Every structure is written in structure tokens, then in C-alpha cells.
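The chain contents come next:
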Amino acid sequence: MIPTDFLQDALQRYCEQHSEALPYYLTELERRTHRTTLAPQMISGHLQGRLLSLLSRLRRPRCIVEIGTFTGYSAVCLSEGLSSEGILHTIDIDDQYQPFYDYIREQVPQSHQIKFHSGDALEIIPKLQGPFDLVFIDGAKKDYLRYFEIIEERCSPGCLLITDNVLWSGKVLDAQADKETSVLKEYNQMLLHHQDWNVTIIPFRDGISVAVKVN
Ligand SMILES: C[S@@+](CC[C@H](N)C(=O)[O-])C[C@H]1O[C@@H](n2cnc3c(N)ncnc32)[C@H](O)[C@@H]1O
């Protein structure tokens, strides 16, 4: 078989070169993430970041909730679409990424609209003021259904629900699924059949689903 990985890499580079250029602080955030964290592959990165930014700019949300800040890359991308008085709440259970948030506060023009919360999203979200116009779920996969349960009642009509890792390295096709894969399979089924949401799965990276609240 002819190896095609080089083609994938070349196409990835081509897509990046022909997508909106990044502000210096996003390039620097990604560089620092790769240099100083143990699982840098968790970062959204250039193309997924541009997709998040685009979706946010289309929706112009007043209130965004992100579950899983990590080093703040996706939070910054999503904040690009906030309305002028809007606010983005981003939550992470792990507090080791504070230096990244300090960097964002120093460098990102709209950082005054980003609120970093430290703790379990399942405990913090009920205390946030809604309604939510855009939600990005990117926390612990085993909790995806629980995240959905606590956000859905508080989502505005037309809310965008973006969920990362919904293909879970292709494991959603496995008949014998582990715990996380089982939750992801159930989550995808649930959204597909939910009368209040219309969903599309985009087979990009680890699979990202975009749903809109229609009722
Ligand atoms: C895949 S990373 C997020 C990546 C980030 N959204 C990005 O695109 O750059 C997942 C993060 O979720 C956090 N996390 C896991 N369980 C959580 C919970 N219950 N509440 C808040 N954050 C959680 C982890 O600590 C980790 O930093």
C-alpha cells in the first residue's frame, strides 16, 4: 500500500496556510502548551480553533460556557465571537494551568470578557447566570451525559452546543466499548434523537459535533 500520511500532513498544512492567520498570542499559547504540558495534544490548535471562532462569530453569543479550559486556547478562540457585553465562562478541574491564564489576561484584548473558573464543572455550572448561547463540552468523556443534563435547560433558543472527541479515535464503532466509549456512543445517540436539538457530526480530528437548539 502507498503511504498517505505525508499527504495528510501536507493537506493539513495547506488548510492552515489558507485559513485566517492567527494572532501572535494564539501561536505563543500553542508553543507554550507543547513545551510545558504533558498532554499537549489536548489543545484545539489552529484549524479547530478557527472553526470554534467562526461558529462563535456566527452566533454572536452573550454567554458562552466551556467545560475543559486546559491552557485556554479554545476559550480565546470562542471569545472572538462574543457580543460587546458578552461573557465566556471557562471551567477546569485542574488548577495547574494558571500561568497560561495570566498570559491570556496580559495579552488577549478581549480577556476582560473571559472568566476562568477552577473546579468541577458539574458543581460550578449550576451557579452561573444563564441563559447560555453557546456551550463547548470538552471535559471528562465519562461525564458528557451529565454535562448535557445540567446545561440543556439553561440553553437559549438557537444555542449552539459544540462537543469535542465524539468519535473517540474511532472507538465509537466498537461493539465492545469501554466506559468512556459507551458514554460517547450514548451521548451521540441521545443528541440525534433529542426533539429540541439538531445535530451534525463533523469527522474532523477526533470528531466534533455541532448541535443547535431548535425548541
Ligand atoms: C481536552 S482538555 C480541554 C482542551 C481545551 N478545551 C482546548 O481545546 O484547548 C480537557 C480538560 O478538561 C478538564 N476536566 C476534566 N474533567 C473536568 C470537570 N469535571 N470539570 C472541569 N474540567 C474538567 C481537564 O482537566 C482538561 O484540562
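Here goes a summary of the coordinates provided. (Residues numbered from 1 in each chain as written. Predicted model: local features only at pLDDT ≥ 70, side-chain atom pairs only at ≥ 80, totals over all residues. Heavy atoms only, no water.)

A closer look at the side chain of Thr181
So the rule is basically this: Secondary structure elements are defined from DSSP: runs of H or I of at least 4 residues count as helices, runs of E of at least 2 residues count as strands, and each element is numbered from the N terminus. The cut-offs for exposure are 20% and 50% of the maximum accessible area for each residue type, with area from a 1.4 Å probe on protein chains only; residues under the lower value are buried, those over the upper are exposed, and the others partly exposed.
Summarising the element assignment, Thr181 is placed in helix H8 (residues 179-193). With relative accessibility at 1%, the residue Thr181 sits in the buried group.

Some points on the pattern of salt bridges
This is how it is decided: Salt bridge, as applied in this entry: a Lys or Arg side-chain nitrogen positioned within 4 Å of an Asp or Glu carboxyl oxygen.
For the structure shown, the criterion picks out 12 salt bridges. For Lys141, the salt bridge identified is with Asp138, shortest N-O distance 3.5 Å. The class for Lys141 is buried, based on a relative accessible area of 9%. Here the residues in one salt-bridge network are Glu20, Arg50, Arg57 and Glu80, joined through shared partners.

Regarding the state of the cysteines
The following threshold applies: Throughout, disulfides are identified as pairs of cysteine sulfur atoms within 2.5 Å of each other.
Going through the model one piece at a time under the given rule, you end up with zero disulfides. The structure places no disulfide on Cys159, whose sulfur is separated from the nearest cysteine sulfur, that of Cys155, by 3.7 Å.

Describing the pairing of strand S1 (residues 63-67)
On a regular strand, each side chain points to the face opposite its neighbour's, so the side chains alternate between the two faces of the sheet. The line we're drawing: One requirement defines pairing of two strands: DSSP has to find at least two bridges between them. When the strands point away from the viewer, a crossover counts as right-handed if the route from the first strand across the helix to the second turns clockwise.
In terms of burial, S1 is largely enclosed, as five of its five residues are buried. Residue alternation in S1 divides its side chains into two sets, Cys63, Val65 and Ile67 and Ile64 and Glu66, and both sets are buried. In this sheet, strand S2 (residues 87-92) lies alongside S1 in parallel orientation, the contact comprising five bridges. Looking at the pairing, Val65 lines up with His89 of S2. Remark: the S1/helix H4 (residues 73-79)/S2 crossover connection has right-handed handedness. Relative to strand S4 (residues 132-137), S1 runs parallel, the two sharing four bridges. Each bridged residue has a counterpart across the sheet, and for Ile67 the counterpart in S4 is Ile137.

Concerning the packing of helix H2 (residues 24-36) against helix H5 (residues 98-107)
Axes are the key here: two packed helices are described by the angle between their axes and the distance separating the axes. Operational definition: Lines fitted to the C-alpha atoms define the axes, with helices restricted to the stretch that makes contact. Angles between their N-to-C directions range from 0 to 180 degrees. Small angles under 35 degrees read as roughly parallel and large ones over 145 as roughly antiparallel, with 65 to 115 read as roughly perpendicular and the rest as oblique. Two helices that cross are described as forming a left-handed crossing if the nearer one is turned anticlockwise from the farther one by less than a right angle, and a right-handed crossing if clockwise. When checking whether two residues touch, look at their non-hydrogen atoms; a contact exists if any pair is within 4.5 Å. Throughout this entry, Asp, Glu, Lys and Arg are counted as charged residues, while Ala, Val, Leu, Ile, Met, Phe, Trp, Tyr, Cys and Pro are counted as nonpolar. The remaining residues, Gly among them, count as polar.
Two numbers describe how H2 lies on H5: the axes approach to 11 Å, and their chain directions differ by 165 degrees. The angle between H2 and H5 places the two elements in the roughly antiparallel class. For the pair H2 and H5, the crossing hand works out as right-handed. Where H2 approaches H5, its residues Tyr24, Tyr25, Glu28, Leu29, Arg32, Thr33 and Thr36 are matched on the opposing element by Phe100, Tyr103, Ile104 and Gln107. Of the residues contributing to the contact of H2 with H5, the split by class is six nonpolar, three polar and two charged.

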